[in-house]
Protein chains: 4
Amino acid sequence: MAGNTFGQVFRITTFGESHGEAIGVIIDGCPAQLPIDLEFIQTELDRRKPGQSKITTQRKESDTVKILSGIFEGKTTGTPIAMLIPNEDQRSKDYSHNQDVFRPSHADYTYQTKYGIRDHRGGGRSSARETAARVAAGAVAKLLLKTQGIDVLAHVSSVGKIDAPNINITTADEFIAQRENNIVRCADPATAEEMIACIDSIRKQGDTIGGKVNCTILNCPVGLGEPVFDKLHADLGKAMLSINAVHGFEYGSGFTGSEMLGSEHNDVFVHGNAGQVKTLTNFSGGVQGGISNGMSIEFKVAFKPVATIMHSQNTVDAEGNAAQIQGKGRHDPCVVPRAVPIVEAMAALVLADHLLRNRTSVL
Amino acid sequence: MAGNTFGQVFRITTFGESHGEAIGVIIDGCPAQLPIDLEFIQTELDRRKPGQSKITTQRKESDTVKILSGIFEGKTTGTPIAMLIPNEDQRSKDYSHNQDVFRPSHADYTYQTKYGIRDHRGGGRSSARETAARVAAGAVAKLLLKTQGIDVLAHVSSVGKIDAPNINITTADEFIAQRENNIVRCADPATAEEMIACIDSIRKQGDTIGGKVNCTILNCPVGLGEPVFDKLHADLGKAMLSINAVHGFEYGSGFTGSEMLGSEHNDVFVHGNAGQVKTLTNFSGGVQGGISNGMSIEFKVAFKPVATIMHSQNTVDAEGNAAQIQGKGRHDPCVVPRAVPIVEAMAALVLADHLLRNRTSVL
Amino acid sequence: MAGNTFGQVFRITTFGESHGEAIGVIIDGCPAQLPIDLEFIQTELDRRKPGQSKITTQRKESDTVKILSGIFEGKTTGTPIAMLIPNEDQRSKDYSHNQDVFRPSHADYTYQTKYGIRDHRGGGRSSARETAARVAAGAVAKLLLKTQGIDVLAHVSSVGKIDAPNINITTADEFIAQRENNIVRCADPATAEEMIACIDSIRKQGDTIGGKVNCTILNCPVGLGEPVFDKLHADLGKAMLSINAVHGFEYGSGFTGSEMLGSEHNDVFVHGNAGQVKTLTNFSGGVQGGISNGMSIEFKVAFKPVATIMHSQNTVDAEGNAAQIQGKGRHDPCVVPRAVPIVEAMAALVLADHLLRNRTSVL
Amino acid sequence: MAGNTFGQVFRITTFGESHGEAIGVIIDGCPAQLPIDLEFIQTELDRRKPGQSKITTQRKESDTVKILSGIFEGKTTGTPIAMLIPNEDQRSKDYSHNQDVFRPSHADYTYQTKYGIRDHRGGGRSSARETAARVAAGAVAKLLLKTQGIDVLAHVSSVGKIDAPNINITTADEFIAQRENNIVRCADPATAEEMIACIDSIRKQGDTIGGKVNCTILNCPVGLGEPVFDKLHADLGKAMLSINAVHGFEYGSGFTGSEMLGSEHNDVFVHGNAGQVKTLTNFSGGVQGGISNGMSIEFKVAFKPVATIMHSQNTVDAEGNAAQIQGKGRHDPCVVPRAVPIVEAMAALVLADHLLRNRTSVL
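What counts as what
- Residues numbered from 1 in each chain as written.
- Chains lettered and ligands numbered in written order.
- Predicted model: local features only at pLDDT ≥ 70, side-chain atom pairs only at ≥ 80, totals over all residues.
- Heavy atoms only, no water.
- Pairing = 2+ DSSP bridges.
- Helix = DSSP H or I, 4+ residues; strand = E, 2+ residues; numbered from the N terminus.
- Contact = heavy atoms within 4.5 Å.
- Axes fitted to C-alpha atoms, helices over the stretch in contact; angles between N-to-C directions.
- Least-squares fit on C-alpha atoms with pLDDT ≥ 70 in both.
- Buried area = accessible area lost by both parts, 1.4 Å probe.
- Salt bridge = Lys/Arg side-chain N within 4 Å of Asp/Glu carboxyl O.
- Polar contact = N/O pair within 3.5 Å; in protein donor to acceptor, adjacent residues only side chain to side chain.
- Core = buried A, V, L, I, M, F, W, Y, C linked by side-chain atoms within 4.5 Å.
- Buried < 20%, exposed > 50% of the residue type's maximum accessible area, 1.4 Å probe, protein only.
- Phe/Tyr/Trp six-rings, centres within 6.5 Å; stacked < 30°, edge-to-face > 60°.
- Parallel < 35°, antiparallel > 145°, perpendicular 65-115°, else oblique.
- Left-handed = near helix turned anticlockwise from the far one by under 90°.

Trainee: Would you explain the sheet that holds strand 2 (residues 11-15) of chain D in this entry?
Mentor: Hydrogen bonds between backbone atoms are what pair the strands of a sheet, whose relative direction is either parallel or antiparallel. Residue and element names in this part refer to chain D. The strand order 1-2-3-7-4 describes an open sheet built from 5 strands, whose pairing is antiparallel. Looking along the sheet, the strands with just one partner apiece sit at the ends: strand 1 (5-6) and strand 4 (66-67). The pairing of strand 1 with strand 2 spans 2 bridges and is antiparallel. Considered in strand 2, the bridge of Thr 5 is made with Thr 13. Sheet contacts for helix 3 (residues 131-146): strand 2, strand 3 (22-28) and strand 7 (81-86); angle to strand 3, the most-contacted strand, approximately 30°.

Trainee: Would you take a moment to explain the relation of the copies chain B and chain A for this structure?
Mentor: One copy of the chain maps onto the second through a rotation around an axis plus a translation along that axis. Here chain B sits on chain A after a turn of 180° about the axis and a move of 0.0 Å along it, with an RMSD of 0.0 Å. One copy is carried onto the other by what is essentially a two-fold rotation axis. A shared binding surface is used by both copies, with 100% of the interface residues of chain B retained as interface residues in chain A.

Trainee: I'm lost on the interface of chain B and chain A in this one. Help?
Mentor: Interface extent is often summarised as the accessible area lost during association of the parts. Opposite the 105 residues of chain B that make contact, chain A presents 105 residues. Where chain B abuts chain A, roughly 8,200 Å² becomes buried across the two surfaces, and 60% of that area is made up of carbon and sulfur atoms. Here Glu 259 of chain B makes a salt bridge to Lys 212 of chain A, at a shortest N to O gap of 3.7 Å. Joining chain B to chain A, the criterion identifies 51 residue pairs in polar contact (both at pLDDT 80 or more). Summarising the sheet, strand 11 (residues 246-251) of chain A and strand 11 (residues 246-251) of chain B pair through 3 bridges and their orientation is antiparallel. If you follow Gly 248 of chain A over to strand 11 of chain B, its bridge partner there is Glu 250 of chain B.

Trainee: Looking at this model, I keep getting lost on the relation of the copies chain A and chain C. Mind explaining?
Mentor: With an RMSD of 0.0 Å, chain A superimposes on chain C once it is rotated by 180° and translated 0.0 Å along the axis. In this assembly, 100% of the residues forming the interface of chain A have copies in chain C that are likewise at the interface, indicating an isologous arrangement.

Trainee: Honestly, the nonpolar core in this entry has me stumped. Any pointers?
Mentor: One broad rule of soluble globular proteins: the nonpolar side chains tend to lie buried together. Ranked by internal contacts, the top residues of the largest apolar core, which has 338 residues, are Phe 299 of chain A, Phe 299 of chain B, Phe 299 of chain C together with Phe 299 of chain D. When neighbours within four sequence positions are excluded, Phe 299 of chain A is seen to be in contact with Val 213, Asn 214, Cys 215, Ile 217, Leu 236, Met 240, Phe 249, Glu 250, Tyr 251, Val 343 and Ala 347 of chain A.

Trainee: Looking at this structure, how should I read the environment of Ala 190 of chain C?
Mentor: Residues and elements named next belong to chain C. When you line up the elements, Ala 190 lands in helix 5 (residues 189-204). Taking relative accessible area as the criterion, Ala 190 reaches 55% and is therefore assigned exposed. Distance from Ala 190 to Thr 256, taken between C-alpha atoms, is 25 Å for residues 66 residues apart in sequence.

Trainee: Before we go on, may I ask you to explain the pattern of salt bridges in this structure?
Mentor: If the charged atoms of two oppositely charged side chains come close together, the side chains can form a pair. Residues and elements named next belong to chain C. Evaluated as defined, the whole model comprises 101 salt bridges over all chains. Salt-bridge contacts for Arg 129 lead to Glu 61; the nearest nitrogen and oxygen are separated by 3.5 Å. Residue Arg 129 is located in the loop between helix 2 (108-115) and helix 3 (131-146), and its partner Glu 61 is located in the loop between helix 1 (38-48) and strand 4 (66-67); the two are separated by 68 residues in the primary sequence. A relative accessible area of 5% places Arg 129 in the buried class. Residue Glu 61 is classed as buried on the basis of its relative accessible area of 5%. A salt bridge links Asp 63 to Arg 129, with the nearest nitrogen and oxygen atoms 3.0 Å apart. Within this pair, whereas Asp 63 is found in the loop between helix 1 and strand 4, its partner Arg 129 is found in the loop between helix 2 and helix 3, the two being separated by 66 residues in sequence.

Trainee: When you look at the sheet that holds strand 2 (residues 11-15) of chain B in this model, what are you seeing that I'm missing?
Mentor: Residues and elements named next belong to chain B. The 5 strands lie next to each other as 1-2-3-7-4, forming an open sheet whose pairing is antiparallel. Looking at the sheet topology across the chains shown, the edges are occupied by strand 1 (5-6) and strand 4 (66-67). Running at roughly 30° to strand 3 (residues 22-28), helix 3 (residues 131-146) makes contact with strand 2, strand 3 and strand 7 (81-86) of the sheet.

Trainee: Sorry, what's going on with the packing of aromatic side chains here?
Mentor: What describes a pair of aromatic rings is the distance from one ring centre to the other and the angle between the planes of the rings. Here the structure, examined in full by the defined rule, presents 26 aromatic pairs over all chains. Measuring from ring centre to ring centre gives 5.4 Å for Phe 6 of chain A and Phe 229 of chain B, while their planes differ by 40°; the resulting arrangement is tilted. With one member in each of two chains, Phe 6 of chain A in strand 1 (residues 5-6) and Phe 229 of chain B in the loop between strand 10 (211-218) and helix 6 (232-241) form a pair that bridges those chains. Assessed through its relative accessible area of 10%, Phe 6 of chain A is described here as buried. Grouping aromatic residues by their ring pairs yields a cluster made of Phe 102 and Tyr 109 of chain A together with Phe 269 of chain B.

Trainee: For this particular structure, what's the right way to read the packing of helix 6 (residues 232-241) of chain C against helix 6 (residues 232-241) of chain D?
Mentor: Describing two packed helices takes the angle between their axes plus the distance from one axis to the other. One can describe the packing of helix 6 of chain C onto helix 6 of chain D by two numbers: an axis separation of 8 Å at closest approach and a directional angle of 160°. Regarding the angle of helix 6 of chain C to helix 6 of chain D, the classification is roughly antiparallel. The way helix 6 of chain C lies across helix 6 of chain D gives a crossing that is right-handed. In this structure, helix 6 of chain C contributes His 233, Ala 234, Asp 235, Gly 237, Lys 238 and Leu 241 of chain C to the contact, and helix 6 of chain D contributes His 233, Ala 234, Asp 235, Gly 237, Lys 238 and Leu 241 of chain D.

Trainee: How do you make sense of unusual backbone geometry when you look at a structure like this?
Mentor: In terms of backbone geometry, most residues other than glycine have negative phi values and most peptide bonds are trans. The omega torsion across Pro 227 of chain B and Val 228 of chain B is 0°, close enough to zero to call that bond cis. Position of Val 228 of chain B among the secondary structure elements: in the loop between strand 10 and helix 6. Its identity as a non-glycine residue notwithstanding, Arg 185 of chain A has a phi of 65°, on the positive side. Along the chain, the position of Arg 185 of chain A falls in the loop between helix 4 (172-180) and helix 5 (189-204). Of note in this structure, Asn 219 of chain D is not a glycine but carries a positive phi near 70°. Structurally, Asn 219 of chain D is set in the loop between strand 10 (211-218) and helix 6.

Given below as structure tokens:
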């Protein structure tokens, strides 16, 4: 049973290989009458597309999205929304050397063994190109969330061992402006400089480096999340872990929380100004018992370094002989700058899905 | 749309509140003709049950499981397997003080707000007692995995800031023997001593502490995991994050991997003795492109400290007045010793599900 | 991938064999705060239970239901509702003759071949006893529908070639009173007499006979049903066809409609008294384009004759030898009198599910 | 929760409106390494396309299918297969008169009420044009079934009150040749003549007429179907009822079976020539207990007359005023000739899905 569908009520199915005709996505379950701003969707895709800056891959893809169905006179109709992104800059011959050898820490070996066949051009289905379809769908989810005042805000919090300080978000607009003001998408300008220099230097060495993305969701209503398995943070965790290169997820206090005492970690309830219940601290990361509690949702995602490096590496070929491989083509030295919109898209998809799943009173 | 079902092909649905009649689980999709060792299932439950030692809650529950269906003459028949665990030691009055106040960092507030009603006795559905049903189902999954030689092996790797060294597993039996030889379930005897002393001391202070559980899956075949959303590690992550008190998940290199260079992190392929493909290192944690690669699967789970402490804490009540609450009843000072079988159960459920989902050739 | 779950949002999973410990059902997704009338659930079960009258099987089962979870102080809590019905009158030895031979038109041969093992006692999982669990769950669905004023009303419309005239339902209560006034559950008293005599005579011959059940759903709101696959009538059809012995389903004009002209068949729209849109005729059976249109939903279900007859029949055994078999035990000469509550239960489950699935505007 | 996905393991999601950019389908879960004959897919679509003959709509659409993903060097790769069919002959202005009035027995009223918005051009999503996507996906399912020797064979068995005699299928090829030899797709040549004359005469009157399609599945292995809800015939029934204009489904003895005695209806088991178990009669329609028994699967589908007629009809408009409407555009006088490939496609999708779901032994 294949796994190309995500979500229960707001549900997406993606398709496409990096060097095929096109990639795309169908959204089923988007409510009717939602105004669709096609320009916004394209802007989200532009934040993910290759060739943005000196610290991303130099591949050129316009990633122009086309909507095939589900929209009538600028609004959703409640029917499936199909979105198509044609593949343009497919230098498939760059990948012919991959046909018979397995690139280290890529999915060549596992796809070949699982399916007995693989589209070896540029990683085929295992390519991170697939995430463009997620970003397009996530943009629609964001438009839905905006009608409820919910903002999903991520930025690069670490590159290698360079960590940004905690950002105190005042307004969503200000945060976004600050983040988009630099090519690494870190909301702290000083750290951003450092990160860019680091990535640029690693790129010149033909190497790559990992990093982390922090995400905050503002104005999430109380009540999202479905115990006991589809806890809000569990679905966020799965969503993040399904993104290429992600190796870790934590929310609220995360791994550090496992070193704390209960008396330090408990979030004391108080009444907020507007009469609502709040907590003094937020080690719970906005989720208690798997259900959002009205505080900011806070989580962090760890990305491993990109596997394609420009060094020569030992490996094996399909026949079992020792072989050598060297990265060719145009690759990212660090994924996190382009991963920010992907993290936001997947978070928006989880939130939209849970918003629509949350129907607990008798009609 | 509620969330009490887990898995696609090997699929479980759990039910029950901590202070109701019973808790239980239905397994649908277990293959036919699997011999069921009821004693093994009970042993797994015994490892999770309360009252095991001085460092667990002193509540007494035998957690005796009864199978109602799906087994005929000692074997599965391919029909749903229903298992029931009656609730015994329900001192509901211990919880009457919870009716109107929200315990900090518990699910009282979120359940009450989401559903407009809650069974306040002992946490009701949000109680970790629900995980007993998972352990029962996980035991059946383990029996299925054992027919394929797959072992799921977890142990306590940290309590607070006390970390166990990496364990080099020689055989599953030896690892289990060493782990079960101490009440904290750490496979390193010296660290176990330290952890026990730490928990005992914290218990005496009326406080609690977090910890971590490491899990290794041996002999997983190549090919499990369904791109692009149901990657093996994404489903393991969701499974772990759905366990009460879990705040973080990482696999392979995890968060540390995000600080590494690609040239350090890449796992070089070589041919193993038996002709199979292996990797020299295992930063991939046994999963590449979301699909198992035949190496050991390695992941780590972070648990926050238990929220119920014996100190007086500030909070609010349902009417919005400031209130005070103090833990009563019998609670765990640290969950990780009892969490080991839960982590194993959830991992076994994910593996069994993906084993049955993995059908990729033309029949 | 097994098939013991029905519904998407109001979702049930049944378990249990006819001669095991118990049968039962878990409902997941029932909204919170729904008052549960246990007596009503039991009454529904009593209408299905064996031993009701001279024209049903003489087996005795009280079919007493017990709720294990999901209800607190008389109301649903939004957590899974588990219901258990212990098996009582299991004369398993009545079935030992079935162990090695395949009863004609039963599921013995197909279960044995599919699973390689079967609980041969009384049909095991393939027994219509499983439908008791559906009736219990359907009773909860009915309670939900009642809060919206929706009534699900079935009765026996045919036994063999004896057809009841069309019933003009004035009120639900009156219809129910008339139907429950006779043991065959036909709302037309004169036809009921005839049917009872027919079944009684066939019973005395050791034979069985088929029949039909008509169902009308009153006060269904406009808008239920999810194009293009989960059309309301398609889900009703699947629900009915999943009931033991059902061989046909039609709604509205049904098979007769296929012989009509468009100019005869079209339902002309008019404005009703209360300002709503109605149709002059109802060949559409209350569903257009897969979505309820506010008219009565009308469908018909065909049941084949019970396969167990008291005659000697030729068959084969598991080793492939010719064999003879003769019905023993206590069986129904005609299923439709006991099928009425099952049809209603399944229809109620479909309606409840679609009521909760129908969320099409932006929140 | 929307309903545009069908199947569990071999799973399709369709999208598109009749007058939008394109319609299409994604297949997820098709096994890898299946050779794909694009010409065969196109041939299946050609059997469904409009403008084939004097007894179908005169609309012209080439219905040319394009595969966007999932195929590499002529074979499936196990990744999603996306297929696109652009819309060509969209005379949207033919439908401007539909914008404000509800066409009788169409889905205009229910879509408008459910979603609060609708693409009124040509029925939008409710148009039977959507079934082209099903036929494309069904063609892939047929290719899968052919590797197992399974044939899905439908033909027109009735038009209005003209019934074809039972066809004794000798070989699939011969049956297909006979059926495709006439424009009404009835495998009995004499009846075909009669049907064609009938439809032609009704067309000239500006009216429409219903009909029936019979379907036989040859060489289905024993064991397909998942009790208790996903019985093979229940899923076939739902599949058929989800096709536009279908009002009834029966399998095996069907509605007639409800008039029979058990002693007439039971299918006696015997041993066949090749040592396999067979039944002397096939009132079970090839399915017992919801599981295929190795006999031919036999079912019948009833289609209502097309709702668009060239007569003037009374109706209401969106504001609640009485209105008149008269069919314009180019419509089918009878759907069954073009419905044959749709019935086959949906049946093939159900069979492919259950073939892949049927995994009951321990690996």
